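Observations on the three-dimensional arrangement
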Amino acid sequence: MPARARTPISEAVPAAAARRLLLAGCALDRAPARATKARVIALVRELGFVQVDSINSVERAHHLILHTRLDGYEPAQLAHHTETSRHAFEHWTHDASVIRSDGLPWWTHRFERSRARLRQSAWMRERLGRNWKKTIAEVRGELESRGPLATRDFPRPARMEKSEGWWDWSPHKAALEFLWRTGEVAIHSRRGFEKIYDIAERVHGPQPEQPAREELIAWACRAAIERLGAATPREIAHFMWVITPAEASAWCAKAAKQGEIAQVALERPLDGTGRAPRPGFARLDWKRAADAIELDDGTPRLLAPFDPLIRERARCHELFGFDYRFEAFVPAAKRVHGYYTMPVLVGERLVARVDLASDRDAGTLRVDRAWLEKALETGQPAKRTMRATHSACERLANQLGATLDFRAKATD
């Protein structure tokens, strides 16, 4: 009886190598450079996108992500590229994000998918109202004739004089969001954090020709692998959120057979579970690239809750042994650490987390509590880690133009 053909055994990527590749892909392998407009857009292009978030307890997440990697960063530097040079645009990846402008052709697929989904969405139709097509047409017509407009520039129905919450959208707000998510309008600028919308062609020029789906899949997979270094098909698909895990899996399998990427096993010793390695894919040169990375460990820094290094919580746990949860939406009585906690990165280790907030009236960044990772809670290493934690907080305070009010003591 002929012997069965054996499936090739995938080479294992050690967690240490995957960690270094991810740090480099997240632009955290080097000391912060001085911020300029050119460096800000170069960083956005390197990362692919920067997540936008509305919570302003410390500073908005997109600005924190850039503060972490650049010294002297100013929010106006990013606004220049989203509102003047148009080298970046705002739309959705896994969440609202500032995206490099050459990604716009690929987003035409997302616009198309959003159009089909939102037309069937009972939630959206409820907010648009019974005459939803008419409302959308009216809002589009107002933008065409009047130019850039915000939600407040449209009349609010009498029954909605008082807003009842974040998702209490008027029909006009729902129409603006429908048109934005489907690519017919774009974010022209922001007034504070309020979106100002305009017809997409007036913001970006004519809508680009839509690439073939196969080209989109290849682009999204390559972009993800370049930045993640080594990952599962699901993580690759969820990097840009423009393709499905099944599409990523099929492309990666084919690319590995053709020698474009490597099929690997991803070790995960730091998550504490003792589970077997996961099947995944990596850059073809992952071993050489990981060995060549020289990490900066002289700049302790804080990471925003939506920083690309920690955005995938499961991967963060597996690679860094760091179990992180964002608790802003957790009832206060059930929070373990705090409303807005930020991890502390030193070199390739996440060594602590702090509970902090900006007191803008006092001009201070207040740090109330700090938690060191278990292995670092005793003896001299704990003292060094607290010094590094203080240094990271002081750096952010200086970035924000605030005085540091560090009240924290190491907490178990």
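In the block above lies the structure referred to throughout.
Residues numbered from 1 in each chain as written. Predicted model: local features only at pLDDT ≥ 70, side-chain atom pairs only at ≥ 80, totals over all residues. Heavy atoms only, no water.

**Details of the overall build of the protein**
Note the following rule: Here a helix means four or more residues in a row that DSSP labels H or I, a strand means two or more in a row labelled E, and each is numbered from the N terminus. For a compact globule the rule gives 2.2 Å times the number of residues to the power 0.38, and the radius of gyration it is set against comes from C-alpha atoms. For every residue, the accessible area obtained with a 1.4 Å probe (protein chains only) is divided by the maximum for its type, and the residue is called buried under 20%, exposed over 50%, and partly exposed between those limits. Any two residues whose heavy atoms approach within 4.5 Å are treated as being in contact. Residue burial considers only the protein chains on display, and all accessible areas are found by Shrake-Rupley using a 1.4 Å probe. Only four residue types enter the tally: Lys and Arg on the positive side, Asp and Glu on the negative side; His and the chain ends are excluded. Charge coordinates come from a single atom per side chain, which is NZ of Lys, CZ of Arg, CG of Asp or CD of Glu.
Along its length, the protein carries 15 helices and 17 strands. Relative to the compact-globule value of 22 Å for 412 residues, the protein shows a C-alpha radius of gyration of 23 Å, a close match. The 412 residues of the protein split such that 53% are buried. Sequence separation of at least 24 residues holds for 62% of the intrachain contacts in the protein that already meet a minimum separation of 6. If you sum the accessible surface of the protein, you get close to 19800 Å²; carbon and sulfur atoms cover 50% of it. For the protein, the centre of its 66 positive side-chain charges and the centre of its 54 negative side-chain charges are spaced 3 Å apart.

**Remarks on the sheet that holds strand β3 (residues 49-51)**
Quick reminder of the rule: A pair of strands is treated as paired once DSSP finds two or more bridges between them. Axis definition: a line fit to C-alpha positions, over the contact stretch in the case of helices; interaxial angles, taken between N-to-C directions, run 0 to 180 degrees.
Taken in spatial order, the three strands make up an open sheet running β3-β6-β5, and their pairing is antiparallel. Across the chains shown, the open sheet's two edge strands, defined by having one partner strand only, are β3 and β5 (88-92). Put simply, the sheet's adjacent strands are angled 25° from each other on average, direction ignored. In this structure, β3 lies alongside strand β6 (residues 96-100), joined through three bridges in antiparallel fashion. Paired with Phe 49 across the strands is Ile 99, a residue of β6.

**Here's the deal with the pattern of salt bridges**
The criterion, for reference: Each salt bridge in this description consists of a side-chain nitrogen of Lys or Arg and a carboxyl oxygen of Asp or Glu lying within 4 Å of one another.
Per the counting criterion, the structure on display carries 33 salt bridges. A salt bridge links Glu 348 to Arg 20; the nearest nitrogen and oxygen atoms lie 3.4 Å apart. A residue pair is termed long-range when its members are at least 10 positions apart, and Glu 348 in the loop between β13 (341-346) and β14 (349-359) and Arg 20 in helix α1 (residues 15-25) qualify at 328 residues. Beyond isolated ion pairs, a larger network of salt bridges with shared partners links Lys 173, Glu 177, Arg 181 and Lys 195.

**Observations concerning the sheet that holds strand β9 (residues 230-231)**
Taken together, the four strands give an open sheet; going across it, the order is β1-β10-β11-β9, and neighbouring strands pair in mixed fashion. The two strands at the open ends of the sheet, each matched to only one other strand, are β1 (11-13) and β9. Bridging between β9 and strand β11 (residues 278-283) involves two bridges; their strand directions are antiparallel. Counted as the bridge partner of Ala 230 is Ala 282 from β11. Contacting β9, β10 (261-266) and β11, helix α10 (residues 213-228) runs over the sheet at an angle of about 90° to β11.

**Details of the side chain of Gln 399**
Inspection of the secondary structure puts Gln 399 in helix α15 (residues 379-400). Residues in contact with Gln 399, not counting those within four places in the same chain, are His 67, Leu 70, Asp 71, Gly 72 and Tyr 73.

**Some points on helix α3 (residues 61-69)**
Given 3.6 residues per helical turn, the α-helix brings residues three or four places apart onto the same face. Of all nine residues that make up α3, nine are buried, and the element is covered over most of its length. For α3, the full list of buried residues reads Ala 61, His 62, His 63, Leu 64, Ile 65, Leu 66, His 67, Thr 68 and Arg 69.

**Considerations on the packing of helix α5 (residues 104-119) against α10**
For clarity, the cut-off: Left-handed describes a crossing whose near helix is turned anticlockwise from the far helix by less than a right angle; the clockwise case is right-handed. In this count, Pro and Cys sit with the nonpolar residues alongside Ala, Val, Leu, Ile, Met, Phe, Trp and Tyr, while Asp, Glu, Lys and Arg are called charged and the others, Gly among them, polar.
Contact geometry of α5 with α10 gives a least axis separation of 10 Å together with a crossing angle of 115°. Where α5 crosses over α10, the handedness of that crossing is left-handed. In this structure, α5 uses Trp 106, Trp 107 and His 109 to contact α10, whose residues at the interface are Arg 213, Glu 215, Leu 216 and Trp 219. Among the residues making up the contact of α5 with α10, the classes are represented as four nonpolar, one polar and two charged.

**What about the packing of aromatic side chains?**
Stated formally: A pair of aromatic rings is counted whenever rings of Phe, Tyr or Trp (Trp by its six-membered ring) have centres within 6.5 Å, and the orientation is called stacked for planes under 30 degrees apart, edge-to-face for over 60 and tilted otherwise. Only lysine NZ and arginine CZ atoms are considered, and such an atom sits over a ring when it is within 6 Å of the ring centre and within 35 degrees of the ring normal.
Taken as a whole and assessed by the stated rule, the structure comprises nine aromatic pairs. Note on Phe 49 and Phe 239: the rings are 5.4 Å apart at their centroids and 55° apart in plane angle, and the pair reads as tilted. Placement of Phe 49 in strand β3 and of Phe 239 in helix α11 (residues 233-240) is noted, with a sequence separation of 190 residues between them. Across the pair, exposure class does not vary: Phe 49 and Phe 239 are buried alike. Summarising the aromatic geometry, the rings of Phe 326 and Tyr 340 are spaced 5.7 Å apart at their centres and angled 85° between planes, so their arrangement reads as edge-to-face. One end of the pair, Phe 326, is in the loop between α14 (313-320) and β13; the other, Tyr 340, is in the loop between α14 and β13, and 14 residues separate them in sequence. The pair Phe 326 / Tyr 340 is uniform in exposure class, with both members buried. Cluster of aromatic residues (ring-pair linked, three or more members): Phe 89, Trp 106, Trp 107 and Trp 219. Of note, Lys 173 hangs over the ring of Trp 169, and the distance from its end group to the ring centre comes to 5.6 Å.

**With respect to the nonpolar core**
The line we're drawing: The nonpolar core is taken to be a set of buried Ala, Val, Leu, Ile, Met, Phe, Trp, Tyr and Cys residues, with the residues joined through side-chain atoms within 4.5 Å.
Ranked by internal contacts, the top residues of the largest apolar core, which has 104 residues, are Ile 243, Trp 251, Leu 302, Leu 309 and Leu 356. Sort the elements by how many residues they give to this core and α10 lands first, with nine residues. When sequence neighbours within four positions are dropped, the list of residues in contact with Ile 243 reads Arg 213, Leu 216, Ile 217, Ala 220, Cys 221, Ala 237 and Ala 248. Listed in part, the 20 residues of the second largest apolar core include Leu 118, Ile 136, Phe 178 and Tyr 197.

**Concerning the packing of α10 against α11**
Spelled out, the test is: Each angle gets one of four labels, with under 35 degrees taken as roughly parallel, over 145 as roughly antiparallel, 65 to 115 as roughly perpendicular, and the rest as oblique.
The N-to-C vectors of α10 and α11 enclose an angle of 105°; their axes lie 8 Å apart at closest approach. Classed by the angle they form, the pair α10 and α11 counts as roughly perpendicular. Across from Trp 219, Cys 221, Ala 223, Ala 224, Ile 225, Arg 227 and Leu 228 in α10, the residues of α11 making contact are Glu 235, Ile 236, Phe 239 and Met 240. For the contact of α10 with α11, the class distribution of residues is nine nonpolar, no polar and two charged.

**Section: the side chain of Thr 135**
Within the secondary structure, Thr 135 is located in helix α7 (residues 132-146). The residues touching Thr 135, leaving out its near neighbours within four places in the chain, are Leu 128, Pro 171 and Ala 175.

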